[in-house]
Amino acid sequence: MKYRVLIIGAGNIASGYDDVDSDMFLTHAHAFKCHDGFELLGFVDIDKKKANTAAKKWGTNAFFNLESAIQKFQYIDIFCIAVPDVFHFEILLKVAELKPKFVFAEKPLTQTLSESLIIKNVYSLNKIPLMVNFKRAFIPEFKFLEYEIKNNSFGKLRDFYGFYNRGLKHNASHLFDLFFRLTGEKDLILTQFIDQINDYSLSDLSYSFLAKSNSGVNFNLKSFNGNEYPIFELDFHFSAGRIRVTNAGEIIEKYKKQPSSFNGLSTIKLSESIVTSLNKSFIYSIQNIYNHLTSGEKVVSDIDDTILVMGVTEKIIKSIIK
Ligand SMILES: NC(=O)c1ccc[n+]([C@@H]2O[C@H](COP(=O)([O-])OP(=O)(O)OC[C@H]3O[C@@H](n4cnc5c(N)ncnc54)[C@H](O)[C@@H]3O)[C@@H](O)[C@H]2O)c1
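Keep in mind that this is a model prediction, so the values were computed, not measured. (Residues numbered from 1 in each chain as written. Predicted model: local features only at pLDDT ≥ 70, side-chain atom pairs only at ≥ 80, totals over all residues. Heavy atoms only, no water.)

J.: What's the story with the site of the ligand in this structure? I'm lost.
T.: Taken together, 23 residues form the shell around the ligand, and within it Ile 13, Asp 45, Asp 85, His 88 and Glu 106 come nearest. In the model, an oxygen atom of the ligand is placed 3.4 Å from a nitrogen or oxygen of the Lys 50 side chain. Interatomic distance of 3.0 Å between a backbone N/O atom of Lys 107 and an oxygen atom of the ligand. Of all the secondary-structure elements, those providing two or more residues to the shell around the ligand are helix H1 (12–16) and helix H5 (88–96). (Near = heavy atom within 4 Å. Polar contact = N/O pair within 3.5 Å; in protein donor to acceptor, adjacent residues only side chain to side chain. Helix = DSSP H or I, 4+ residues; strand = E, 2+ residues; numbered from the N terminus.)

So, in structure tokens, the structure goes:
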């Protein structure tokens, strides 16, 4: 049996970023088309040209509203939500009424924490599993890094530095998710506001600030004008090593503390540099959906992970603008 999938939104992440024969898996469509466990029923897009172009590209159907897709197929197992951020909440509520077996939503799940809490309530009442596309969460190299950090391979985390742009909610949400996931930290308290840039939207500024985690880690986040170039980097300083994540997560560098050539002093040396499989993230995320549906595997990047990120983001913004 194949699970039948409908993708809502036929833009870049749904269909545009890659092609049927590319090595990378950068769209929902590419991953579902290549997995034997799924059948791609089509795309829904209010922009007819977008819907038709995507349907032609991936050999499937185009719909211009959700109702016409439902009319044709009666029951749909899985919905992917890949529309602009502002429409996530209303579409999440709409598809929940159809009681699908699974919903895979783009990040940020909703615009506000209170909306996400409503979604959590509706989805748990209806027992609909929900996954949010924080793509680094699915990558084996990051899962192993989490294992190493939590097993003390680098010692105690002292300081964290992050660089990002294009919106604290829109883009830094990826960075928060990775920080919390890798370290197990659960909160951040603002200690000092630095500055703000409008390089994405007036309703989602790129803030820079210092904060403290609940276990005393210094969390330093600096935005950089996204109109110059995109940046997404994380740098963890531990008591016995350092980890750098660069190129938006394509590279992980691990450094370990060692005796230096100067008697009695220590140094940190690069022990491993890894090219991650970030550009195949959709292969891993949809395999997790398949494993969840067929054998109950835990959903990676579920609604609670998103609620943690949104709660901290809103708290930091409130502390900055109060
Ligand atoms: N996880 C990631 O790394 C990642 C990367 C890129 C984008 N995203 C997210 O994916 C979402 C889509 O981004 P994109 O870059 O593909 O945008 P896009 O503008 O390229 O595509 C969005 C499409 O949705 C359509 N649309 C708008 N309202 C609709 C509605 N009510 N019903 C059906 N279709 C509708 C638009 O016509 C458009 O074709 C955003 O939420 C974005 O934040 C996530």
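J.: Whenever I open this one, the domain arrangement of the protein chain confuses me. Can you help?
T.: How big an interface is tends to be stated in terms of the accessible area lost upon association of its parts. We note that the domain assignment places domain 1 (3–134 + 281–296) and domain 2 (140–276) within the protein chain. Listed by partner, the interface residues are 7 residues for domain 1 and 8 residues for domain 2. Between the two partners, domain 1 and domain 2, sit 0 salt bridges. Taken together, the links from domain 1 to domain 2 amount to 2 residue pairs in polar contact (both at pLDDT 80 or more). Across the side of domain 1 that touches domain 2, the residue classes tally to 3 nonpolar, 2 polar and 2 charged. (Domains from an automatic or database assignment. Contact = heavy atoms within 4.5 Å. Salt bridge = Lys/Arg side-chain N within 4 Å of Asp/Glu carboxyl O. Nonpolar A, V, L, I, M, F, W, Y, C, P; charged D, E, K, R; others polar.)

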